[in-house]
Amino acid sequence: MQEKDTYLKNIKESKQKWKESIVEKSKQRLGTQDDPIMYTPADLEDFDFAKDVGFPGEFPFTAGRVAIPLVPLMWGKGKINGAGKMIKGAFGYSGCGTAKDLRDFYMDKGAHLAARGPNIAFDLPTQCGLDSDHPQSEGEVGKVGLAIDSLKDFETLYEVFTGPKEIDKIASNWTINGTTNIVLAMYAALAEKRGIPVSSLRGTPQNDILKEFVARGTQVFPVKPSMRMTRDTITYCTEHMPKMNTISISGFHMKEAGATRIQAIAFTMANGLAYLQSGVDAGLDIDKFIGKTTFLSFGGGMKVLKELASRRAARKVWAILMRDKMGVKNPKFWIYKESGGALAGYWTSTKQRPLNNWFRVGIGAAFSALIGDPPVLQPPFDEPLGLGHSKEAQQLGADASRILVEECELCEVQDVFAGSYYIESLTKQYVKEIFEQLDAIDELGGPIKAVESGWMKSEIAKSAAEYEKKMATGEEIRVGINKYTEEDEIEIIPKLTPMYASIDREAAEKKQLANLKKLKEERDNTKVKASLEKIENAAADEKANLIPFFIDAVKEYTTMGEICGTLKNVFGSAL
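Here is a short report on the structure shown in this document.

Conventions we followed
Residues numbered from 1 in each chain as written. Predicted model: local features only at pLDDT ≥ 70, side-chain atom pairs only at ≥ 80, totals over all residues. Heavy atoms only, no water. Pairing = 2+ DSSP bridges. Helix = DSSP H or I, 4+ residues; strand = E, 2+ residues; numbered from the N terminus. Phe/Tyr/Trp six-rings, centres within 6.5 Å; stacked < 30°, edge-to-face > 60°. Buried < 20%, exposed > 50% of the residue type's maximum accessible area, 1.4 Å probe, protein only. Core = buried A, V, L, I, M, F, W, Y, C linked by side-chain atoms within 4.5 Å. Contact = heavy atoms within 4.5 Å. Salt bridge = Lys/Arg side-chain N within 4 Å of Asp/Glu carboxyl O.

Before going further, it helps to examine the pairing of strand S4 (residues 202-205). Sheet topology places strand S3 (residues 171-175) next to S4; four bridges connect them, and they run parallel. Following the sheet pairing, Ser 172 is matched in S4 by Gly 203.

Inspection of the entire model under this criterion finds 20 aromatic pairs. Ring geometry for Phe 59 versus Trp 334: centroids 5.7 Å apart, planes at 80 degrees, classification edge-to-face. Linking Phe 59 in the loop between helix H2 (49-53) and helix H3 (70-75) with Trp 334 in the loop between helix H13 (304-325) and helix H14 (355-369), this pair joins segments that are 275 residues apart in sequence. Taking the relative accessible area as the measure of exposure, Trp 334 reaches 12% and is therefore buried.

Before going further, it helps to examine the nonpolar core. Core analysis: the largest hydrophobic core is formed by 62 residues, its most contacted members being Tyr 158, Ile 167, Trp 174 and Leu 567. Mapped by element, the contributors of at least two residues to this core are helix H4 (99-108), helix H6 (151-157), helix H7 (180-193), helix H9 (223-240), helix H19 (505-522), helix H20 (525-539), helix H21 (547-555) and helix H22 (560-571). With ten residues, H7 is the single largest residue contributor to this core. Leaving out residues up to four positions away in the same chain, Trp 174 has contacts with Ile 120, Phe 122, Phe 154, Tyr 158, Val 183, Leu 184, Tyr 187, Thr 204, Pro 205, Gln 206 and Met 244. Among the nonpolar cores identified, the runner-up in size contains 59 residues, and Val 223, Phe 267, Met 326 and Ile 460 belong to it.

Across all of its chains, the model carries 36 salt bridges by this definition. Where Lys 520 meets Asp 131, a salt bridge forms, and the shortest distance between an N and an O atom there is 3.9 Å. On the criterion of sequence distance, the pair formed by Lys 520 in helix H19 and Asp 131 in the loop between helix H5 (124-127) and H6 is long-range, its members being 389 residues apart. The exposure class of Asp 131 is buried, given its relative accessible area of 6%. Close ionic contact of Glu 155 with Lys 152 constitutes a salt bridge, the shortest N to O distance being 4.0 Å. Here Glu 155 and its partner Lys 152 are both found in helix H6, three residues apart, which amounts to about one turn of the helix.

If you want it as structure tokens, here you go:
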């Protein structure tokens, strides 16, 4: 111990001499007052590799969630084609117009759906629990996502998923939150109509309702009944749909709204703890259902060294929370399941000089690989230019990922920065700061109180305002936005082929309204009324799981707006 103290003391003294001699002379010669940033072992006095980092795939998972890098294995090193082929044309998150519009779009993409299902974006009325004929829906139907009013729309959409792509052979993903359980009920009803056991269905609803109150705003009901709906998802799926993920906890929306990297991680984890606790409070063994909770992302930014350090810290913090706070027994569930990538974030993309975005996300993807995450270039460079991504942007993104894996071989080594004096120091600092934020939330009464009181939203708003001030003063730089904007700088916008060229979004609303009108005329409205009465009665019983009632209702073609309207009679409205 004395030998180590002497070693660290010598380093500190040597660094001080270096600053007083070499650095000071350089500063005088260059006319600057800025000191260079240099980290040494003295900045990691208490560093313990086994305790603080460990090995990939073992606690505390700082160095990686898995022991063996998966990307080289999945992509097939030495093969002409591997899984890297899947990222081109695997349009992922998609949707707009009517169910028929998107069905036809998927038919055109049939080859790319062979091994995967849809990842559906819904329009704002659907996300907010409003039917397309609701006055507040006017002008928004099918615009930024798919319009879904009833099971009839689901039946139309999923006509493309039959045979070898039947719904028990694919996984469906739905970016929906406040109305998750109604969408889930439609999927279950569709399966039953096709004679498919609901127990065989796979997929992931986003279902992260707390972040809607904090960052997005598509909440339908107040916080507590919204959390009841999440509890219902967890308990119902655990019993009846064991292959279905129940939630995709999403931090990147908070980052996009202006949260700092520490806030985005801490707030996301706090919300995650609330969801897990709702399952425990319902009487479930956490080890029985935690495996079906996932994370989407914590967001990102262009300060990539700090971003990767924060991701390493997040791995450690979540593992500690699961083991020590939630009492999860199985070590494989101490890991948060996240697809990774998007280390640069989406908010960093700019409409001005959009090709720069390709470089931004490429840098993020490269550093993502260096901490053991997939180097996926998300988003494509044309993210700010309109709905969907062009074929050209998708091709460039896919090729860049392939180059990072196949040519640069960045995924061959796990956690390249392990042991770096700077990164380890920063990781340790971020672990401390994340726990401090979590403690602050606990002092407020927990995450639900922090959301209900508006505290989380207010904290993010303060951070967003602070960032805007820095942009205005030039303390924060965005190339082409607040610097390098002179007349001699040029815009480079290549030819782009729109993703949704085949869909007439302007005509979608008229078609959807006609479809909905016909549905309401032809269905048995007596049965619809009866199903809504049952939902209202069940909603009044806090212990009742509403999903079975939703399934019965959607089979009668009761609409999403009618179900949500009935629930508001009991729950109240968040809007």
